[in-house]
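Each chain is listed here by its residues.
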Amino acid sequence: MAKDMREPIESGCPDPWQYMHPTMRKNFGQRKYHDHPRPGVLRHVAYSGDEIWTVRAGTQRILDVFTLRKLCDIGDEFADGYVHFTLRSNIEYMVTEESRVDPLINALEEAGFIVGGTQNSVAMISHTQGWLHCDIPGTDASGVVKSMMDELIDEFRNANMPNRVHLTTSCCQINCGGQGDIAINIQHTKPPKINHDLVANVCERPSVVARCPVAAIRPAMVNGKPSLEVDERKCIC
Ligand code: SF4
Ligand code: SF4
């Protein structure tokens, strides 16, 4: 792992060189070719003759610290301690010998991770932040990703598609999660129902009122308590 950390600066992304596998640093810009020995594995060969074997596993994107530690422990024990997250939240481990690829794959699969997502597979679905960060989603795109990937798991593990397939899900038309070949927009199709017992205690009513693009949500007093009401004729769901 990188030992010499530079002083933090206030803006900009961190210097990536310190986190790059030393063999990749050494051969930067000198790649001769790469191939795809099996789903989930890439081999890059440099003009110097050096090889880097990359093993890719899917993650759930929104990672808890325990899962991250587990992934890092696997990287320390079965790889060289360097990892890379792809744009679609896969984790990649780099090793320099072919003989270390199978033990690494076995360790990942024993820990419950799925190896795949390369070449003509259905890549990991990129999804928006949903309830974790955003204050406008009516549904949580990440929950839908879980159920979709349960169905598509074998297409992630294999590379049977005519081309690489990128899917995205989002919980409004802003689609902050990125682009894909197929974009799935997950939204309610009926006006919201209001639980008047809870609104006064848990809801920032002015924010909710301000969020509706057609002013269908209004403040209201219900049973003597401050609440909200929805004008269903205006709601565009
Ligand atoms: S897609 Fe829309 S609702 Fe979902 S997280 Fe992004 S901005 Fe928020
Ligand atoms: S139109 Fe307004 S009330 Fe209807 S779902 Fe959208 S934000 Fe909610």
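What you are looking at is a predicted structure, and each value in this text was computed from that prediction instead of being measured.

(A) Focus on the overall build of the protein chain. In terms of helices and strands, the protein chain carries six helices and ten strands. In terms of C-alpha radius of gyration, the protein chain reaches 23 Å, well past the compact-globule figure of 18 Å for 237 residues. Here the C-alpha coordinates of the protein chain stretch approximately 75 × 45 × 30 Å along the principal axes. Scored against the burial criterion, the 237 residues of the protein chain give a buried share of 36%.

(B) Spotlight on the site of ligand 1. In the vicinity of ligand 1, the residues found are Thr128, Gln129, Gly130, Cys134, Ile136, Pro137, Ser170, Cys171, Cys172, Ile174, Asn175 and Cys176. Residue composition of the shell around ligand 1, grouped by class: seven nonpolar, five polar and no charged.

(C) Expanded view of the layout of surface pockets. Volume-wise, the largest pocket comes out at about 1200 Å³. Around the largest pocket, the lining comprises 31 residues; the ones closest to its centre are Ile136, Pro137, Gly138, Arg211 and Ile217. Of all the secondary-structure elements, those providing two or more residues to the lining of the largest pocket are helix H6 (205-211) and strand S10 (225-230). In terms of residue count, the dominant contributor to the lining of the largest pocket is H6 (three residues). Class assignment of the residues belonging to the lining of the largest pocket gives a composition of 21 nonpolar, six polar and four charged. Counting contributing residues per domain, the lining of the largest pocket is built from domain 2 (126-185) and domain 3 (196-230), each supplying no fewer than three. Looking at the second largest pocket, its volume works out to about 590 Å³. The set of elements that each furnish at least two residues to the lining of the second largest pocket consists of helix H1 (22-26), strand S1 (31-38), strand S2 (41-46), strand S3 (51-57), strand S4 (83-85) and strand S5 (91-95). Taken together, the residues of the lining of the second largest pocket sort by class into twelve nonpolar, nine polar and five charged.

(D) Structural view of the nonpolar core. Of all hydrophobic cores here, the largest spans 17 residues; its most connected members are Val55, Ile74, Tyr93, Val101, Leu104 and Leu108. Counting residues per element, the ones that place at least two in this core are S3, helix H2 (65-78), S5 and helix H3 (101-110). When neighbours within four sequence positions are excluded, Val55 is seen to be in contact with Gly40, Val41, Ile91, Glu92, Tyr93, Val101, Leu104, Ile105, Leu108 and Val115.

(E) Region of the structure containing the environment of Phe85. Among the secondary structure elements, Phe85 is positioned in strand S4. For Phe85, a relative accessible area of 35% puts it in the partly exposed group. In sequence terms Phe85 and Arg61 are 24 residues apart; their C-alpha atoms lie 9.6 Å from each other. Residues in contact with Phe85, not counting those within four places in the same chain, are Thr59, Leu63, Leu68, Asn90 and Ile91.

(F) Structural detail: the packing of H2 against H3. At their nearest, the axes of H2 and H3 sit 10 Å apart, and the two run at 160° to each other. It follows that H2 is roughly antiparallel to H3 by the angle criterion. Along this stretch, H2 crosses H3, giving a crossing that reads as right-handed. Facing H2, whose interface residues are Leu71, Ile74 and Phe78, H3 presents Pro103, Leu104, Ala107 and Leu108. When its residues are assigned to classes, the contact of H2 with H3 shows seven nonpolar, no polar and no charged.

(G) A look at the sheet that holds S4. The strand order across the open sheet formed by five strands is S1-S2-S3-S5-S4, and the pairing between neighbours is antiparallel. The sheet is open, and its two borders are formed by S1 and S4, each paired with just one other strand. Neighbour-to-neighbour, the strand axes of the sheet open up by a mean angle of 25°, direction not taken into account. Alignment of S2 against S3, held across five bridges, turns out to be antiparallel. Residue Val41 lies in a different strand from S3, and its bridge partner there is Val55.

(H) Local environment of the side chain of His21. Checked against the element boundaries, His21 lands in the segment before H1. Given the relative accessible area of 4%, His21 is considered buried. Only 3.1 Å separates the side chain of His21 from the backbone nitrogen of Thr23, close enough to count as a polar contact. Polar contacts involving the side chain of His21 include one to the side chain of Asp80, which spans 2.7 Å. Apart from the residues within four sequence positions on either side, His21 is in contact with Ile52, Asp80, Tyr82, Met94 and Thr96.

Rules used in this analysis
- Residues numbered from 1 in each chain as written.
- Chains lettered and ligands numbered in written order.
- Predicted model: local features only at pLDDT ≥ 70, side-chain atom pairs only at ≥ 80, totals over all residues.
- Heavy atoms only, no water.
- Helix = DSSP H or I, 4+ residues; strand = E, 2+ residues; numbered from the N terminus.
- Rg over C-alpha atoms; globule rule 2.2 N^0.38 Å.
- Buried < 20%, exposed > 50% of the residue type's maximum accessible area, 1.4 Å probe, protein only.
- Near = heavy atom within 4 Å.
- Nonpolar A, V, L, I, M, F, W, Y, C, P; charged D, E, K, R; others polar.
- 1 Å grid on protein atoms, 1.4 Å probe; cavity = no way out; pocket = protein on both sides within 12 Å on 5 of 7 lines; lining within 4 Å.
- Points joined across faces, edges and corners; volume = space filled by probe spheres on them.
- Domains from an automatic or database assignment.
- Core = buried A, V, L, I, M, F, W, Y, C linked by side-chain atoms within 4.5 Å.
- Contact = heavy atoms within 4.5 Å.
- Axes fitted to C-alpha atoms, helices over the stretch in contact; angles between N-to-C directions.
- Parallel < 35°, antiparallel > 145°, perpendicular 65-115°, else oblique.
- Left-handed = near helix turned anticlockwise from the far one by under 90°.
- Pairing = 2+ DSSP bridges.
- Polar contact = N/O pair within 3.5 Å; in protein donor to acceptor, adjacent residues only side chain to side chain.

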